[in-house]
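Here is what each chain is made of, one letter per residue.
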Amino acid sequence: MAPRIKVAIVSRYCLKEQQALAAEFGPMLEVLAQENDVLHLSLSGRREGVLSVPDKVIIKELALSIDRKRPSDIAIKSLLMYFWLPRIACVLNQFKPDVIFLSEILPLMGILLKWLTRARVATAYGDWHLHNIFGRRKGSKAFLRMMESADRFEVRRLDGFFCRAEAAGSRVQSWGAPPAAVRVVRDAPDPQSFFPRDETSLRAQCGFTPDDIILVYHGVMHPGKGIDLLIRWTSELYEEDPRYGLVLVGGGPAQSTLRALASSLPIGPRTVFPGWLPTVREVGAYCCAGDINVAMRTAAEANDRVVPGALLHSMACRKVTIAPRLSGTSEIIRHGENGFLFTADSGDDFKTLVKWLANNRPRWDAVADNAYSDIETNFSVRAAAHSYADALTHFATYPAARK
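Conventions we followed
- Residues numbered from 1 in each chain as written.
- Predicted model: local features only at pLDDT ≥ 70, side-chain atom pairs only at ≥ 80, totals over all residues.
- Heavy atoms only, no water.
- Helix = DSSP H or I, 4+ residues; strand = E, 2+ residues; numbered from the N terminus.
- Rg over C-alpha atoms; globule rule 2.2 N^0.38 Å.
- Buried < 20%, exposed > 50% of the residue type's maximum accessible area, 1.4 Å probe, protein only.
- Contact = heavy atoms within 4.5 Å.
- Areas by Shrake-Rupley, 256 points an atom, 1.4 Å probe, with all protein chains shown as cover.
- Lys, Arg positive; Asp, Glu negative; His and termini not counted.
- Charge placed at Lys NZ, Arg CZ, Asp CG, Glu CD.
- Pairing = 2+ DSSP bridges.
- Core = buried A, V, L, I, M, F, W, Y, C linked by side-chain atoms within 4.5 Å.
- Axes fitted to C-alpha atoms, helices over the stretch in contact; angles between N-to-C directions.
- Parallel < 35°, antiparallel > 145°, perpendicular 65-115°, else oblique.
- Left-handed = near helix turned anticlockwise from the far one by under 90°.

Participant: Please set out the overall build of the protein residue by residue, giving values where relevant.
Facilitator: The number of helices and strands found in the protein is 18 helices and 13 strands. What you see for the protein is a C-alpha radius of gyration of 21 Å, in line with the 22 Å of a compact globule of 403 residues. Counting only C-alpha atoms, the protein reaches 65 × 45 × 40 Å along its principal axes. Relative to its 403 residues, the protein shows a buried fraction of 57%. Put simply, 71% of the contacts in the protein that link residues at least 6 apart link residues at least 24 apart. Carbon together with sulfur atoms contributes 53% to the accessible area of the protein, which is approximately 17200 Å² in total. Distance between charge centroids for the protein: 7 Å, based on 50 positive and 43 negative side chains.

Participant: Go over the pairing of strand β12 (residues 320–324) with me, naming the residues and quoting the values.
Facilitator: Burial analysis of β12 places five of its five residues in the buried class, which makes it a mostly covered element. The side-chain alternation of β12 yields two buried faces, one formed by Val-320, Ile-322 and Pro-324 and the other by Thr-321 and Ala-323. Where strand β11 (residues 292–294) meets β12, three bridges bridge the pair, whose relative direction is parallel. Across the sheet, residue Ile-292 finds its bridge partner in β12, namely Val-320. As judged from the three bridges shared by β12 and strand β13 (residues 340–342), these two strands associate in the parallel manner. Paired with Pro-324 across the strands is Phe-342, a residue of β13.

Participant: Tell me about the side chain of Gln-255, and name the residues and values.
Facilitator: Mapping Gln-255 onto the fold places it in helix α11 (residues 255–263). A relative accessible area of 18% means that Gln-255 is categorised as buried. The contact partners of Gln-255, leaving out residues within four places of it in the chain, are Met-221, Gly-250 and Gly-275.

Participant: Give a detailed account of the environment of Phe-350, specifying residues and quantitative values.
Facilitator: Structurally, the position occupied by Phe-350 is in helix α16 (residues 347–358). Residue Phe-350 is classed as buried on the basis of its relative accessible area, which comes to 0%. Between the C-alpha atom of Phe-350 and that of Ala-371, which follows or precedes it by 21 residues, the distance is 20 Å. Apart from the residues lying within four places of it in its own chain, the contact partners of Phe-350 are Leu-215, Leu-230, Trp-233, Thr-234, Leu-237, Val-294, Ile-322 and Phe-342.

Participant: Describe in detail the nonpolar core, supporting the description with residues and values.
Facilitator: If you look at the biggest cluster of nonpolar residues, it comprises 65 residues, and the most contacted ones within it are Leu-92 and Leu-113. Considering every element that reaches this core, the biggest residue donor is helix α12 (residues 280–289), with six residues. Setting aside residues no more than four positions away along its own chain, Leu-113 makes contact with Val-10, Leu-85, Ile-88, Leu-92, Ile-100, Leu-102, Arg-118 and Val-121. If you look at the next biggest cluster of nonpolar residues, it comprises 33 residues, including Leu-215, Leu-248, Ile-267 and Phe-340.

Participant: Go over the sheet that holds strand β9 (residues 244–249) with me, naming the residues and quoting the values.
Facilitator: The parallel open sheet is built from six strands, whose spatial order is β10-β9-β8-β11-β12-β13. A single partner strand is all that each edge strand has here, and the edge strands are β10 (271–275) and β13. On average, each strand axis in the sheet is inclined to that of its neighbour by 25°, with strand direction left out of account. By the bridge criterion, three bridges tie β9 to β10 in an arrangement that is parallel. Note that in β10 the partner of Val-249 across the bridge is Gly-275. Across the sheet, α16 lies against β8 (213–218), β9, β11, β12 and β13, angled at about 150° from β13, the strand it touches most.

Participant: Summarise the packing of helix α10 (residues 227–240) against α16; cite the residues concerned and give the values.
Facilitator: Taken N-terminus to C-terminus, the directions of α10 and α16 make an angle of 50°; their axes are 10 Å apart at the nearest point. As far as their axial angle goes, α16 and α10 are oblique. α16 is crossed by α10, and the crossing has right-handed handedness. Counted together, Leu-230, Trp-233, Thr-234, Glu-236, Leu-237 and Glu-240 of α10 and Gly-347, Phe-350, Lys-351, Val-354 and Lys-355 of α16 form the full contact between these two elements.

Participant: I'd like a description of unusual backbone geometry, backed by residues and values.
Facilitator: Look at Leu-108: it is not a glycine, yet its phi comes out positive at around 65°. Along the chain, the position of Leu-108 falls in the loop between β4 (99–102) and α5 (109–117). By relative accessible area, which is 29% here, Leu-108 ends up partly exposed. In this structure, Arg-318 takes a positive phi of about 55° despite not being glycine. Relative to the assigned elements, Arg-318 resides in the loop between α14 (309–316) and β12. Overall, the relative accessible area of 34% leaves Arg-318 in the partly exposed class.

In structure tokens form, the structure reads like this:
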């Protein structure tokens, strides 16, 4: 029998929030705890409604709390985590992990944990959050170049990377990570939240009729995602055809700016901002209430190798899903079969595609059915849970792990 491995999971968010963010998180803990010792270490947060956790999983929360519904609190507490690293390292050293899984992308946090604990460290790799936040601001280029250099420095020294896109895995390998240190694990939509259902009443509450053409975006509202472009392009469509409407679900640092933009354009009265919803299931309801779901991203390098969670969520709701033609999205969408791609940053191509869809409604069902079938076949929660667990045990033991 193989010896038990000690796996420590470090996160900003408490277990309840992690279970809401990633449907595979709970099942992953179950798989890991069958043959290994597991510690979940995080900041504190809401405790109500936590799903059952295996007895062998140790849960520790720091005194520092974080509110995921408030972008300013997320930013402040994320920064404070770096000052709490000595305390985090103390808890980890008492546990003596074989591998630490930093479940989120926090610049240089992984290498700092490695130096403080001398344990192997694996982390997620994909979104460049700082680029999405600052990439379109004047004077940010030098700062972002510095952060890219830090990324490369860290990649060459960590022991494992979880990527949602093959393209992201290729990037970290080009920076010096060995193939054994990279695992591609796709997002797994929560089947209890993202599934096909009739949301006619919710659609009506938003002020839309069955004959309207409603575009839906959901996700964190960062400046670098191009949601402002989506608003402008949809407004131009609306000026040609009053059936168009827009629903933007979520919150984030760009939300107030986006609200002001929408209100200044003709599409304003036909734009709905539900805000940050209490449950993920409600997000799925809005996906189902619309007609065309948009996994919006710009052509920036920070977005090219990403598979947005919204892309798979929308497909799981059996909806026509469109996305910019980027390396990551092109790994999932087969244009015209299970979704549609438009040229990133091209308003003309976006509008041409949407107008074509509006004039070809009979084509929607077959494409949406193919998308839903792909989710059921290739993106199950159980498969993702086992993939994460297998990768963590691999990262803890493979001979080529670096020091």
